[in-house]
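Summary of the model geometry
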Amino acid sequence: MIPNNKSAVTLLEEKMPQQQTQPIGGAMPTYGKEAGTGFPTRRLRRLRQNEKFRRLVREHSLAIDDLILPLFVVPGHGIKHEINAIPGNYHLSIDKLIEEVKEIRDLGIPGILLFGVPDPKDKDLYATGAYAPSGIVQQAVRALKQNVPEVLVVTDVCLCEYTPHSHCGILENGYLVNDASNEVLAKMALSHVQAGSDIVAPAAMLDGQVRALREALDSNGFVNTPIMAYSAKYASKLYDPFFKEGTQSTLSYGDKKTHQMDYSNSNEAMREIALDIEEGADIVMVKPALYYLDIVYRAKTEFQMPLATYNVSGEYAMIDAAARIGRLDKKLIMMEALTSMKRAGADIIITYFAKEVAKELQ
Ligand SMILES: [Zn+2]
């Protein structure tokens, strides 16, 4: 009920804390107030009455240019196995990966994020397979750069696919050792860039990982290779389909809560991002996306940096599963979900939906 001495607009403004009325790009205009009137002079439905009007005043739109598709490369030849937990996504041997990336190029998608799924015999406690010049990712990057140089190759830099216990680095008494693991991450990133990787993406959430990578790249002459930092990466159960079936690197024990962020925290994410920017990150990332749109919004508002968000495997799997049992329309929910990430401030969306979205937008 609106008290008769106050307009609805006044009430709304009183209710909203000041910072929420300040969107990116300037102060909130005072709709309705300038004329001293609201309804019936103001009718916001006028611009919603048909798609032509809606299109004209649309504030945020998804574009193919925003998309990055995660891909999983495996050793072997002629392999294209669907990943059950992330339907429509595959384990690909290098020859099939090249075919897939050609399709991605033809769809206009600017880049891929590459994960390696090495042979278990190539895993060890020091993750030496992560930086081997003959490693699966290094081989794949060289092949991609030879065959499909137009597509940006972003490589994930973390050690969990290369250790037998699947922790993100070197362990000492069960604890993930920070600085020694950073040294391995730096070697890994350097080996990716030497193979031809366009962007490296440190994902381990270790303190100082961005600096370690930047120093390794700069001291080897790769001053122009950007770093996309997984800056605010939360310890989330939404990664389960990825680890169980995507990279097949489910933890043998323990959890990742000593390095990935507690999902209850928001200010800490801003500190993580600030430190990564200081250490040399060119693009910062919030991961996951959908349950973390407040973090995406804050990150964009507070830092105005190029911002990526990762629409992770669990987010994909939920929509896919709901669509399979007829509860939701996959395409419509996909577009709504990804547009919400743009609206929150993301410039880049890493998503398993990338190909489907690109087809929708064409
Ligand atoms: Zn990891």
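See the structure shown above.
In this numbering scheme, every chain counts its residues from 1 along its sequence in written order. In keeping with the model being predicted, local features are shown solely for residues with a pLDDT of at least 70 and side-chain atom pairs are shown and tallied solely at 80 or more, while totals for entire chains, interfaces and linings include all residues. Side-chain numbers come from the whole structure's heavy atoms, not from hydrogens or water.

A count of helices and strands for the protein chain gives 12 helices and 12 strands. Seen through its C-alpha atoms, the protein chain measures out along the principal axes to roughly 75 × 40 × 40 Å. Buried residues are those whose accessible area, probed at 1.4 Å on protein chains only, stays under 20% of the maximum for their type, while exposed residues exceed 50% and partly exposed ones sit between those limits. Expressed as a percentage of the 362 residues in the protein chain, the buried residues total 49%. The contact criterion used throughout is that any non-hydrogen atoms of two residues lie within 4.5 Å. Taking as baseline every contact in the protein chain between residues at least 6 positions apart, the subset at least 24 positions apart corresponds to 73%. In the structure as shown, the protein chain presents an accessible area of about 18,000 Å², 52% of it carried by carbon and sulfur atoms. Here the protein chain holds 40 positive side-chain charges and 45 negative ones, and the gap between their average locations is 9 Å. For helices the rule is a DSSP run of H or I covering at least 4 residues; for strands it is a run of E covering at least 2, with both sets numbered from the N terminus onward. Accessible areas in this description were obtained via Shrake-Rupley with a 1.4 Å probe; residue shielding takes into account the shown protein chains only. The sign given to each residue is positive for Lys and Arg and negative for Asp and Glu; His and the chain ends receive no count. To locate a charge, take atom NZ for lysine, CZ for arginine, CG for aspartate or CD for glutamate.

Each reported salt bridge corresponds to a side-chain nitrogen of Lys or Arg within 4 Å of a carboxyl oxygen of Asp or Glu. Within this structure, the stated rule accounts for 20 salt bridges. Asp347 is paired through a salt bridge with Lys300; the nearest N and O atoms lie 2.8 Å apart. In this pair, Asp347 is assigned in the loop between α11 (330-344) and β12 (348-351) and Lys300 in helix α9 (residues 293-303), connecting sequence segments 47 residues apart. Using a relative accessible area of 31% as the deciding quantity, one classes Asp347 as partly exposed. Of the residues examined, Lys300 reaches a relative accessible area of 14% and is grouped as buried. The salt bridge partner of Glu360 is Lys331, with a shortest N-O separation of 3.7 Å. Of this pair, Glu360 sits in helix α12 (residues 354-361) while Lys331 sits in helix α11, and the two are 29 residues apart along the sequence. Given the relative accessible area of 37%, Glu360 is considered partly exposed. Three or more residues are tied together by salt bridges with common partners; here these are Asp320, Arg324, Lys330 and Glu356.

Put simply, the ideal angle at a metal is 109.5 degrees for four donors in tetrahedral geometry and 90 or 180 degrees for six donors in octahedral geometry. Shown as donors are all N, O and S atoms within 2.8 Å of a metal ion, widened to 3.2 Å for Na, K and Ca; because water is not in the atom set, sites may appear incomplete. Taken together, Cys158 (SG), Cys160 (SG) and Cys168 (SG) make up the full set of protein donors to the zinc ion, lying 2.2 to 2.3 Å away. One chain supplies every donor to the zinc ion, and in sequence these donors are spaced C-x1-C-x7-C. Of this pair, Cys158 sits in the loop between β5 (152-157) and β6 (171-172) while Cys168 sits in the loop between β5 and β6; the two residues are 10 residues apart in sequence, bridging distant segments of the chain. Each member of the pair Cys158 and Cys168 is classed as buried.

On the surface, Leu47, Phe53, Leu56 and Val57 cluster together to form a nonpolar patch covering roughly 370 Å² of accessible area. Structurally, Val57 is set in the loop between α2 (51-56) and β1 (67-73). With a relative accessible area of 39%, Val57 lands in the partly exposed category. Patches draw on residues past 30% relative accessible area with no salt bridge. Two like charges within 9 Å are joined, as are two nonpolar side chains (Val, Leu, Ile, Met, Phe, Trp, Tyr) within 5 Å.

This part is about unusual backbone geometry. Residue Pro40 is reached from Phe39 by a cis peptide bond, and omega for that bond is 10°. Inspection of the secondary structure assignment puts Pro40 in the loop between α1 (8-15) and α2. Here the bond from Lys287 into Pro288 is cis, since omega is -5°, no more than 30 degrees from zero. You can see Pro288 is positioned in the loop between β10 (283-287) and α9. A positive phi is found at Ala127, a non-glycine position, where the angle reads about 55°. The residue Gln248 is not glycine, and still its phi comes out positive at about 50°. Mapping Gln248 onto the fold places it in the loop between α7 (240-246) and α8 (267-279).

Let us now look at the pairing of strand β4 (residues 111-116). Among the six residues in β4, six count as buried, and that is most of the element. A two-sided burial pattern is seen for β4, the buried positions comprising Gly111, Leu113 and Phe115 on one face and Ile112, Leu114 and Gly116 on the other. Criterion used throughout: strands pair if DSSP finds at least two bridges between them. Where β1 lies against β4, six bridges are found, and the strand directions are parallel. Within the sheet, the bridge partner assigned to Val73 lies in β4 and is Gly116. The sheet contact formed by β4 and β5 spans four bridges and is parallel.

Everything listed is a geometric property; what it means functionally is a separate question.
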